[in-house]
Structures are given as structure tokens and as C-alpha cells.
Amino acid sequence: EGEAGLQADGPDAHAKVTADSLDKVLESLAKLTETEPEAQQALFVATFVRGLAKSQDGRLVWDIEYAGPNAVKVNGQTFPPQPE
């Protein structure tokens, strides 16, 4: 779920993504890499995304928001990391 819009001061967007079976996807990808080595990259990405999740009511949750030009925040962590 989410929404986006263009305001006078720039774009505004946020979304909430939930999942309850990502661990099953990770297991399937791990098995797939045994016969399809190119699936390794998908496994790395899915594992990274899993690490960004927070748990809420037994589900994985990612709160995503637009954080300015060329950046987003996922559960409060800015990507790409911004210099301080």
C-alpha cells in the first residue's frame, strides 16, 4: 500500500510493503542456485531485502519513503547512504 504526489516543494511518496513467505522464496532460490548459478544474484538481493525488514504481527514489513533527490528510506535507513 502507498501513495505518491507532486507538491509545490517537490515529490512526496511512501509505501508499506509486507510479506509472509519470503523465507520460502529464499529457500527456493538457494535450491535453484545448485543448478542455475545465475540465480545467485537474485538470492543475494532477496537476502539483503530480508535484512532490511522489520517484523510486525508475524509479517515482514518495509516502510519506504522518498527521501529527496535520488534517495529513499527503508525502515528509517537511507539509500544510498548520505554523507553526514
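Everything quoted here is computed from the prediction, not taken from an experiment.

Engineer: So what's going on with unusual backbone geometry? Residues and values would help.
Structural biologist: Backbone torsion omega between Phe79 and Pro80 reads -10°, so that peptide bond is classified as cis. Following the sequence through the fold, Pro80 ends up in the segment after β6 (77-79). Located in the positive-phi region is Asp57, a residue other than glycine, with phi close to 55°. Within the secondary structure, Asp57 is located in the loop between β3 (54-56) and β4 (59-66). Here Asn75, not a glycine, exhibits a phi torsion of approximately 50°, which is positive. Position of Asn75 among the secondary structure elements: in the loop between β5 (72-74) and β6. Given the relative accessible area of 25%, Asn75 is considered partly exposed.

Engineer: Pulling in residues and values, what's your account of the pairing of strand β1 (residues 2-7)?
Structural biologist: With respect to burial, β1 is a largely exposed element, only 0 of its 6 residues being buried. Pairing between β1 and strand β2 (residues 10-19): 6 bridges, direction antiparallel. Counted as the bridge partner of Leu6 is Pro11 from β2.

Engineer: Describe the packing of helix α1 (residues 22-32) against helix α2 (residues 39-52), with residues and values.
Structural biologist: Relative orientation of the contacting elements α1 and α2 amounts to 155°, with a least axis distance of 9 Å. Viewed along their axes, α1 and α2 adopt a mutual orientation that is roughly antiparallel. The two elements α1 and α2 meet at a crossing, and its hand is left-handed. Within the contact between the two elements, α1 uses Leu22, Asp23, Leu26, Leu29, Ala30 and Leu32 and α2 uses Ala39, Ala42, Leu43, Ala46, Thr47 and Arg50.

Engineer: Pulling in residues and values, what's your account of a nonpolar patch on the surface?
Structural biologist: There is a patch of nonpolar side chains on the surface, built from Val45, Phe48 and Val49 and spanning about 250 Å² of accessible area. Along the polypeptide, Val49 turns up in helix α2.

About the criteria used
- Residues numbered from 1 in each chain as written.
- Predicted model: local features only at pLDDT ≥ 70, side-chain atom pairs only at ≥ 80, totals over all residues.
- Heavy atoms only, no water.
- Helix = DSSP H or I, 4+ residues; strand = E, 2+ residues; numbered from the N terminus.
- Buried < 20%, exposed > 50% of the residue type's maximum accessible area, 1.4 Å probe, protein only.
- Pairing = 2+ DSSP bridges.
- Axes fitted to C-alpha atoms, helices over the stretch in contact; angles between N-to-C directions.
- Parallel < 35°, antiparallel > 145°, perpendicular 65-115°, else oblique.
- Left-handed = near helix turned anticlockwise from the far one by under 90°.
- Contact = heavy atoms within 4.5 Å.
- Patch = residues over 30% accessible without salt bridge, like charges linked within 9 Å, V, L, I, M, F, W, Y side chains within 5 Å.
- Areas by Shrake-Rupley, 256 points an atom, 1.4 Å probe, with all protein chains shown as cover.
- Salt bridge = Lys/Arg side-chain N within 4 Å of Asp/Glu carboxyl O.

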